[in-house]
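# Structural features, examined
The chain contents come next:
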Amino acid sequence: MDILFALVTAALILVGAVFVLAAALGLNRFPDLYSRMHAASKAGTVGSALMLIAVGIHAADLAILARSFAGFFFFVLTAPVSAHLLAKAAHETGYPLSGISVRDDMNKGRGEI
């Protein structure tokens, strides 16, 4: 049974690390604030949450596992919402989209396409 817990923990850590790596690459490679924020909020949240659950499983204590699931739900509920609000605030203050952006749906009513 210990080998099963170790394999599950290792798999969760590896998958979580891949998501965190994807978030880091997205932060470095994407052209503007909005797409960078998308990478950080989606991939970073999933990667951090998976690694947090892996730590809870590795501890082999129900109280620690419950806290890690509480942290998981906290990550999933708060990070995308905060990223959305930050992106909306950046758009309202006039932070420009990159030149390769095709359409700005939030710019309706301002005279531009």
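Because the structure is a prediction, the values reported are computed rather than measured.

## Description of the overall build of the protein
- The helix and strand inventory of the protein stands at 3 helices and 0 strands.
- Moving toward the C terminus, one meets the helices and strands of the protein in the order α-α-α.
- On the principal axes, the C-alpha backbone points of the protein span a range of 65 × 25 × 15 Å.
- In the protein, buried positions account for 26% of the 113 residues.
- Within the protein, contacts between residues at least 6 apart in sequence are counted, and of these 62% link residues at least 24 apart.
- Approximately 7800 Å² of the protein is accessible, and the part contributed by carbon and sulfur atoms is 72%.
- Each charge sign in the protein was given a centre, from 8 positive and 7 negative side chains, and these centres are 4 Å apart.

## Concerning helix H1 (residues 2-29)
- If you check H1, its first and last C-alpha atoms are 40 Å apart, about what 28 residues at 1.5 Å a residue would give, namely 40 Å.
- For H1, the complete set of buried residues consists of Thr-9, Leu-12, Gly-16, Ala-23 and Gly-26.
- Of the surrounding secondary structure, the elements contacted by the buried residues of H1 are helix H2 (33-59).

## A look at the packing of H2 against helix H3 (residues 62-92)
- In contact at an axis separation of 8 Å, H2 and H3 are set at 175 degrees when each is read in the N-to-C sense. In terms of orientation, H2 lies roughly antiparallel with respect to H3.
- Of the residues that constitute the contact of H2 with H3, the class distribution is 20 nonpolar, 7 polar and 1 charged.

## A closer look at the UniProt feature "transmembrane region" (unreviewed entry) in the protein
- As annotated in UniProt, the feature "transmembrane region" (unreviewed entry) corresponds to residues 46-64 and 69-87 in the numbering used here.
- A helix fraction of 89% and a strand fraction of 0% characterise residues 46-64, whose end C-alpha atoms lie 19 Å from each other.
- Taken as a whole, residues 69-87 contains 100% helix and 0% strand, while its terminal C-alpha atoms sit 27 Å from one another.

## Concerning the packing of aromatic side chains
- A complete count under the given rule lists 1 aromatic pair for this structure.
- Aromatic side chains Phe-72 and Phe-73 sit 5.2 Å apart centroid to centroid with 65 degrees between the ring planes, which places their arrangement in the edge-to-face category.

## Comments concerning the environment of Pro-96
- Secondary-structure assignment places Pro-96 in the segment after H3.
- Put simply, Pro-96 and Ser-35 are 61 residues apart on the chain and 12 Å apart in space, counted from C-alpha to C-alpha.
- Sequence-distant contacts of Pro-96, defined by excluding residues within four places in its chain, comprise Asp-32 and Tyr-34.

## So, the packing of H1 against H2
- Their axes nearest at 8 Å, the elements H1 and H2 cross at an angle of 160 degrees. One way to sum up the angle between H1 and H2 is to call them roughly antiparallel. H2 is crossed by H1, and the crossing has left-handed handedness.

## Quick notes on the side chain of Ser-41
- With respect to the secondary-structure elements, Ser-41 resides in helix H2.
- A polar contact is formed between the side chain of Ser-41 and the backbone oxygen of His-38, at a distance of 3.3 Å.
- In this structure, Ser-41 is in contact with Ala-79, Pro-80 and Ala-83, ignoring residues within four places of it in sequence.

Calculation notes
Residues numbered from 1 in each chain as written. Predicted model: local features only at pLDDT ≥ 70, side-chain atom pairs only at ≥ 80, totals over all residues. Heavy atoms only, no water. Helix = DSSP H or I, 4+ residues; strand = E, 2+ residues; numbered from the N terminus. Buried < 20%, exposed > 50% of the residue type's maximum accessible area, 1.4 Å probe, protein only. Contact = heavy atoms within 4.5 Å. Areas by Shrake-Rupley, 256 points an atom, 1.4 Å probe, with all protein chains shown as cover. Lys, Arg positive; Asp, Glu negative; His and termini not counted. Charge placed at Lys NZ, Arg CZ, Asp CG, Glu CD. Expected span 1.5 Å × (residues − 1). Axes fitted to C-alpha atoms, helices over the stretch in contact; angles between N-to-C directions. Parallel < 35°, antiparallel > 145°, perpendicular 65-115°, else oblique. Nonpolar A, V, L, I, M, F, W, Y, C, P; charged D, E, K, R; others polar. UniProt positions renumbered as here; feature names shortened; annotations may be inferred. Phe/Tyr/Trp six-rings, centres within 6.5 Å; stacked < 30°, edge-to-face > 60°. Left-handed = near helix turned anticlockwise from the far one by under 90°. Polar contact = N/O pair within 3.5 Å; in protein donor to acceptor, adjacent residues only side chain to side chain.

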